[in-house]
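Descriptive analysis of the structure
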Amino acid sequence: MIPINLISVLLATLAAMVLGFLLHGPILGKVWMRLANIVPTGNEKFSDMLPNLFWNLVANFVTAYVIAVIYLFALPSPYLAGEGIWRGVICALWLWIGFVVTSTSMEVIWMGRKLGLWLFECGCSFLVMSVMGAIIASY
């Protein structure tokens, strides 16, 4: 069994949810809605969002858990620069570059997703994964 600190994974998951809310809401919500062509109707209900929020929570938990696993495997590596929290951030950033950026770029290349929206989402995931890595490395 891999000795994963579930408290750090849960804290990273919650941080991701809060950051996602802030970036897609009060801080940059208007920019995001413009890029995504979302026009609020005024009929939106929080209860309608609960299933999506649940699956978003699950996805963030899996991401945090995987960062924790990779971080543990990468600890003895001389190729992962940094120490402490920075080591966690760097580990998360390598995962972000190698998997998030590359896999989501296919949406732009093949599916016609707007470049601006993709860049926005990549920037948000960059920040979220950096914070997740920092939290995981701090415990």
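Values in this document were obtained by computation on a predicted structure and should not be read as measured data.

With respect to the secondary-structure elements, Val-39 resides in the loop between helix 2 (29-35) and helix 3 (46-74). For the pair Val-39 and Ser-8, spaced 31 residues apart in sequence, the C-alpha separation works out to 37 Å.

Put simply, the largest pocket is a space of about 1,200 Å³. Looking at the lining of the largest pocket, the elements that each hand over two or more residues are helix 1 (6-24), helix 2, helix 3, helix 4 (85-111) and helix 5 (115-137). Ranked by the residues each element gives to the lining of the largest pocket, the list is headed by helix 3, at 10 residues. Classifying every residue of the lining of the largest pocket gives 24 nonpolar, 10 polar and three charged.

The next subject is the packing of helix 4 against helix 5. One way to put it is that helix 4 packs onto helix 5 with a least axis distance of 8 Å and a crossing angle of 155 degrees. Of the possible angle classes, the one that applies to helix 4 and helix 5 is roughly antiparallel. The way helix 4 lies across helix 5 gives a crossing that is right-handed. The segment helix 4 lies against helix 5, with Ile-85, Gly-88, Val-89, Ala-92, Leu-93, Leu-95, Trp-96, Val-100, Val-101, Thr-104, Ser-105 and Val-108 engaging Leu-115, Trp-118, Cys-122, Ser-125, Phe-126, Met-129, Ser-130, Gly-133, Ala-134 and Ala-137. For the contact of helix 4 with helix 5, the residue count by class is 16 nonpolar, six polar and no charged.

Conventions we followed
- Residues numbered from 1 in each chain as written.
- Predicted model: local features only at pLDDT ≥ 70, side-chain atom pairs only at ≥ 80, totals over all residues.
- Heavy atoms only, no water.
- Helix = DSSP H or I, 4+ residues; strand = E, 2+ residues; numbered from the N terminus.
- 1 Å grid on protein atoms, 1.4 Å probe; cavity = no way out; pocket = protein on both sides within 12 Å on 5 of 7 lines; lining within 4 Å.
- Points joined across faces, edges and corners; volume = space filled by probe spheres on them.
- Nonpolar A, V, L, I, M, F, W, Y, C, P; charged D, E, K, R; others polar.
- Axes fitted to C-alpha atoms, helices over the stretch in contact; angles between N-to-C directions.
- Parallel < 35°, antiparallel > 145°, perpendicular 65-115°, else oblique.
- Left-handed = near helix turned anticlockwise from the far one by under 90°.
- Contact = heavy atoms within 4.5 Å.

That is the geometry; function is a separate question.
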